[in-house]
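Coordinates in review
If you want the building blocks of each chain, they are given just below.
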Amino acid sequence: MAKGPYRGGGKPAAPTRTKAPSTGRPSSKPSQITRDELRHFAFRDRSKEAFLDELDPLLRACFKSGFTRPNEVAGLLNKAGKSTACGQPWTPHLVWGLQRFLFERREKKRAAQAAAPAATISKPAVSSQRAKDLAAEDMTRLLAAIGRARPSR
């Protein structure tokens, strides 16, 4: 009688897999933008904010048209003749950084807008002068309106 994997002999039914060591392949998540790459977003007299203001409408149009992947957006920007701040063509990695910068900027604006109304909703400050201006007659009239005192005649 032959011994199979179910009887404790022979080869295992499925080979066990161990995680293979990294082969130097790029990960699915791009790395951070380096200092050298920041020149693609701010160069000489062109600030990063001004450059992002210029490209924001173009990227929104790309997103609305369904082009969201960095390699697609890079191709569209290059076809449209838009180059980076230092004049180089767009790469998917640079577009990934551009998308990240625009997303962070929008989040900061949303946070600022959410915080601004909260500050104005707070209790209005009553000036001490206004409290002093309330004369005895006014107090009596107000108390009479709520039924606590009779107005003086």
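All of these numbers come straight from a predicted model, not from anything done at the bench. (Residues numbered from 1 in each chain as written. Predicted model: local features only at pLDDT ≥ 70, side-chain atom pairs only at ≥ 80, totals over all residues. Heavy atoms only, no water.)

**Section: the environment of L38**
Inspection of the secondary structure puts L38 in the segment before α1 (48-64). Expressed as a C-alpha distance, the spacing of L38 and C86, which sit 48 residues apart in the sequence, is 9.7 Å. The contacts of L38, once residues within four sequence positions are left out, are I33 and F101. (Helix = DSSP H or I, 4+ residues; strand = E, 2+ residues; numbered from the N terminus. Contact = heavy atoms within 4.5 Å.)

**Focus on the packing of α1 against helix α2 (residues 70-79)**
Taken N-terminus to C-terminus, the directions of α1 and α2 make an angle of 125°; their axes are 11 Å apart at the nearest point. Classified by the angle their axes make, α1 and α2 are oblique. The handedness of the crossing between α1 and α2 is right-handed. Residues L58, L59, C62 and F63 of α1 form the contact with α2, whose own contacting residues are V73, L76 and L77. (Axes fitted to C-alpha atoms, helices over the stretch in contact; angles between N-to-C directions. Parallel < 35°, antiparallel > 145°, perpendicular 65-115°, else oblique. Left-handed = near helix turned anticlockwise from the far one by under 90°.)

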